[in-house]
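Spelled out, the chains give:
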Amino acid sequence: MNELFDIFGIGDTTDGFSRYQAFGYPRNPFREAGLGTAGDGGPFYTGHIRKELKEIQDWVADVYGGKSLQPLSLVGNIGAGKSRILKYLRRHLSNLPRNRMVASDILLLSDTGFARASVGGTVLTAIERTPVPWAESPPSETNILPIVWAIVTSKNRPEDPNGPLFRALHRVQLSSSNTERIRGASLISRWLQRDYLSSKEAQTIGLTRRIDWEGELIHVIGDLLRYAMQINVLSNFFLFIDQLEDLFRPTFSELRRSRILTDLRGLVDEIDDGAPLGLCLAWTPDFVSDNRYPNNGVDAQFRRSYEALYARMNRRKVTLSLLGYDDALPFGKEWVESLHEEQGFNRQKQPDLAELVQRAWTELQRQKRLFPGGNFTATPRDLLTELASAVDRLVDE
């Protein structure tokens, strides 16, 4: 294959032979086949962040066990592994005993669209997408939210159905027929999603005022989750929001950003008020949207302009360490060894890994992509990229 057209990094596979096999590799060991070197798959080296991972595990255990609902901030440079960790968390939670616990997909605040981005909309999107597997599924061909149906079909009742949404849910729970229950649950779901309800429909469930997309929706969602917890339908709902730094891009005006982060503070307050929500926010602290202001990263803007929320998100905060040079060799070894069962793997033919690591590290230093501070460090993504390039250069030579 002409190397100019090796688009997906798979090398020359003519007759099942890769050009890397002459060097003892079935393929470039530092590049996921067809996925580039972003580090979305493949081995997960943890030698440099064991302390941080223990803190994250402790947070999950606390939320899962009902000991603490303090939100978690997961902070790290671009390429440090935040999204990877969130994927591991999400996957592991799906394998735990349910214990009336659900976990959302990994969401971005822009998932509801940049023009309509809102915290309430993001949480509602998570609720819409997340099934409640221990409860009866909503009737097919209805728009009923799984959690709403789980609530209205539960035989448990709240101690004090106080508040508009509590009273509406309680009223539908007491429906005399399943047809009436389906209609009531459908109307409540539509109301939560801010669909138009006629005057008659709104009066049927006692929710006559449309929810404001910002501010008010946060409290309504808090009430929904608290009701579910009171009647033993839900113990906790894990919510993962990634790339909070996107809010500090030019896409969002200062006013829009302020409204979103004010709602995020409101969501944390709902958690403090007993909403069973295990919230994890991930962001890059040094991300700068305008290179003219290098000291104006996300953390600096966050702390300066949104002090109340920043203080709340610092209660449990995990900052991911980067790879030091001492980590580079075991990091590389883990990626190489992950191929040991693939055809063409031959340790005797492989180049000296320590030399490859030295080349990659030197190149990162030359390109000024190492982070100073005591000893130089690198993100896993950057080191992986340079190791892949070092192997390609060796093969090309």
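Anyway, here's the lowdown on the structure attached to this text.

What counts, and where the lines are drawn
- Residues numbered from 1 in each chain as written.
- Predicted model: local features only at pLDDT ≥ 70, side-chain atom pairs only at ≥ 80, totals over all residues.
- Heavy atoms only, no water.
- Helix = DSSP H or I, 4+ residues; strand = E, 2+ residues; numbered from the N terminus.
- Buried < 20%, exposed > 50% of the residue type's maximum accessible area, 1.4 Å probe, protein only.
- Contact = heavy atoms within 4.5 Å.
- Areas by Shrake-Rupley, 256 points an atom, 1.4 Å probe, with all protein chains shown as cover.
- Pairing = 2+ DSSP bridges.
- Axes fitted to C-alpha atoms, helices over the stretch in contact; angles between N-to-C directions.
- Expected span 1.5 Å × (residues − 1).
- Polar contact = N/O pair within 3.5 Å; in protein donor to acceptor, adjacent residues only side chain to side chain.
- Salt bridge = Lys/Arg side-chain N within 4 Å of Asp/Glu carboxyl O.

1. A short note on the overall build of the chain
When helices and strands are counted, the chain shows 14 helices and 7 strands. Out of the 397 residues in the chain, the part that is buried amounts to 50%. Partitioning the intrachain contacts of the chain with sequence separation of at least 6 by distance along the chain shows that 69% fall at a separation of at least 24. Of the roughly 19100 Å² that the chain leaves accessible, carbon and sulfur atoms contribute 48%.

2. As for the sheet that holds strand β4 (residues 277–283)
If you walk across this open sheet you meet the 5 strands as β2-β3-β4-β1-β5, and the pairing is parallel. With partners counted over all chains shown, the strands left at the sheet margins are β2 (101–107) and β5 (317–319), one partner each. Strand-to-strand, the axes of this sheet are offset by a mean angle of 15 degrees, without reference to chain direction. The pairing of β2 with strand β3 (residues 236–241) spans 5 bridges and is classified as parallel. Across the sheet, the residue bridging to valine 102 is phenylalanine 237, located in β3.

3. Points about helix α1 (residues 50–64)
Given a rise of 1.5 Å per residue, 15 residues ought to cover 21 Å, and the 21 Å separating the end C-alpha atoms of α1 matches this to within 8%. Along α1, the positions that sit buried rather than exposed are Glu52, Leu53, Ile56, Trp59, Val60, Asp62 and Val63. Looking at the buried residues of α1, the elements they touch are β1 (72–75), α2 (82–95), β3, β4 and β5. Where α1 ends, the next residue or the one after it, glycine 66, has phi of about 75 degrees, a positive value.

4. Here's the deal with the side chain of aspartate 299
Topologically, aspartate 299 is positioned in helix α10 (residues 298–305). Judged by relative accessible area, aspartate 299 falls into the buried class, the value being 13%. Of the polar contacts made by the side chain of aspartate 299, one reaches the side chain of tyrosine 310; its length is 3.1 Å.

5. Some details on the pattern of salt bridges
Within this structure, the stated rule accounts for 25 salt bridges. Arginine 226 is paired through a salt bridge with aspartate 223; the nearest N and O atoms lie 3.1 Å apart. With arginine 226 and aspartate 223 both in helix α8 (residues 216–230) and 3 residues apart, this pair spans about one turn of that helix. Each of the two residues, arginine 226 as well as aspartate 223, counts as buried. In this structure, the salt-bridge partner of arginine 226 is glutamate 270, at a minimum N-O distance of 2.6 Å. In this pair, arginine 226 sits in helix α8 while glutamate 270 sits in helix α9 (residues 254–272), placing the two residues 44 residues apart along the sequence. Residue classification places arginine 226 among the buried residues on the basis of a relative accessible area of 10%.

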